[in-house]
Amino acid sequence: MDADAVGVTTAIVRAAHLIDRFANARLPAFGLPAGMSMARVRLLLAVHEAERPRMSEVAWDLGVTARTITTMVDALEDEGVLVRQPHATDRRAILLELTPQGNAQVETIQQALASISDTVLAPLTAAERAELARLLTALVERDEG
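Source: prediction; values computed, not measured.

A.B. asks: Explain the overall build of the protein chain here, please?
C.D. replies: What the protein chain contains, in helices and strands, is 6 helices and 2 strands. Taken from N to C terminus, the helices and strands of the protein chain fall in the order α-α-α-α-β-β-α-α. Considered along the principal axes of its C-alpha atoms, the protein chain spans approximately 50 × 40 × 25 Å. Classification of the 145 residues of the protein chain by burial places 26% in the buried group. For the protein chain, contacts bridging at least 24 residues in sequence account for 53% of all contacts bridging at least 6. Carbon and sulfur atoms make up 56% of the accessible area of the protein chain, which amounts to about 9600 Å² in all. The distance from the centre of the 14 positive side-chain charges to the centre of the 20 negative ones in the protein chain is 5 Å.

Following this line, the structure appears as structure tokens:
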């Protein structure tokens, strides 16, 4: 990897961290609980999109350890937005499901993310946003085979 590649990947990671910090500071303004963070947002959205995913799959998708996902699920379960369910045929697997309160939070989260994203991307033109989306999608969806 050449120095330019290192610079680009470093800039991507730094931008992601800055966006997370920016969003974390603004989520409560949308009526979300004070403990809501982008890490929890990603977890709730993953469960919402997958409809009763295995806890281990969500951990893998989010890039977190089993211990981290357990801690996050514990907190969200205590808040009443998420529940664990046993898998019908695999005793070792645990499924995650949103509660009605969790589904309501997802709606609020989606509105919050739309507003926060508009603010974050405000310096870019529509064409620049489209190009950035295209480039990031090319990185994420490339065939690693």
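Still to come is the rest of the account.
A.B. asks: Which parts of the structure should I look at to understand the pattern of salt bridges?
C.D. replies: Oppositely charged side chains can pair when the atoms bearing their charge come close. All chains considered together, the criterion is met by 10 salt bridges. One salt bridge connects Glu 57 with Arg 54, and the closest N-O pair in it is separated by 3.9 Å. For Glu 57, a relative accessible area of 40% puts it in the partly exposed group. Residue Arg 54 is classed as partly exposed on the basis of its relative accessible area, which comes to 25%. One salt bridge connects Arg 84 with Glu 77, and the closest N-O pair in it is separated by 2.4 Å. What makes Glu 77 partly exposed here is its relative accessible area of 28%.

A.B. asks: Just to check I follow, could you spell out unusual backbone geometry for this structure?
C.D. replies: Residues apart from glycine generally show negative phi values, whereas peptide bonds are mostly found in trans. For Glu 51, which is not glycine, the phi dihedral falls at a positive 55 degrees. In this structure, Glu 51 sits in the loop between α2 (38-50) and α3 (55-62). The class of Glu 51 is exposed, set by a relative accessible area of 65%. Notably, Arg 52 is not glycine yet its phi reads approximately 65 degrees, a positive angle. Relative to the helices and strands, Arg 52 is located in the loop between α2 and α3. Taking relative accessible area as the criterion, Arg 52 reaches 38% and is therefore assigned partly exposed.

Calculation rules
Residues numbered from 1 in each chain as written. Predicted model: local features only at pLDDT ≥ 70, side-chain atom pairs only at ≥ 80, totals over all residues. Heavy atoms only, no water. Helix = DSSP H or I, 4+ residues; strand = E, 2+ residues; numbered from the N terminus. Buried < 20%, exposed > 50% of the residue type's maximum accessible area, 1.4 Å probe, protein only. Contact = heavy atoms within 4.5 Å. Areas by Shrake-Rupley, 256 points an atom, 1.4 Å probe, with all protein chains shown as cover. Lys, Arg positive; Asp, Glu negative; His and termini not counted. Charge placed at Lys NZ, Arg CZ, Asp CG, Glu CD. Salt bridge = Lys/Arg side-chain N within 4 Å of Asp/Glu carboxyl O.

From the geometry alone we can't say anything about function, so treat these as descriptive.
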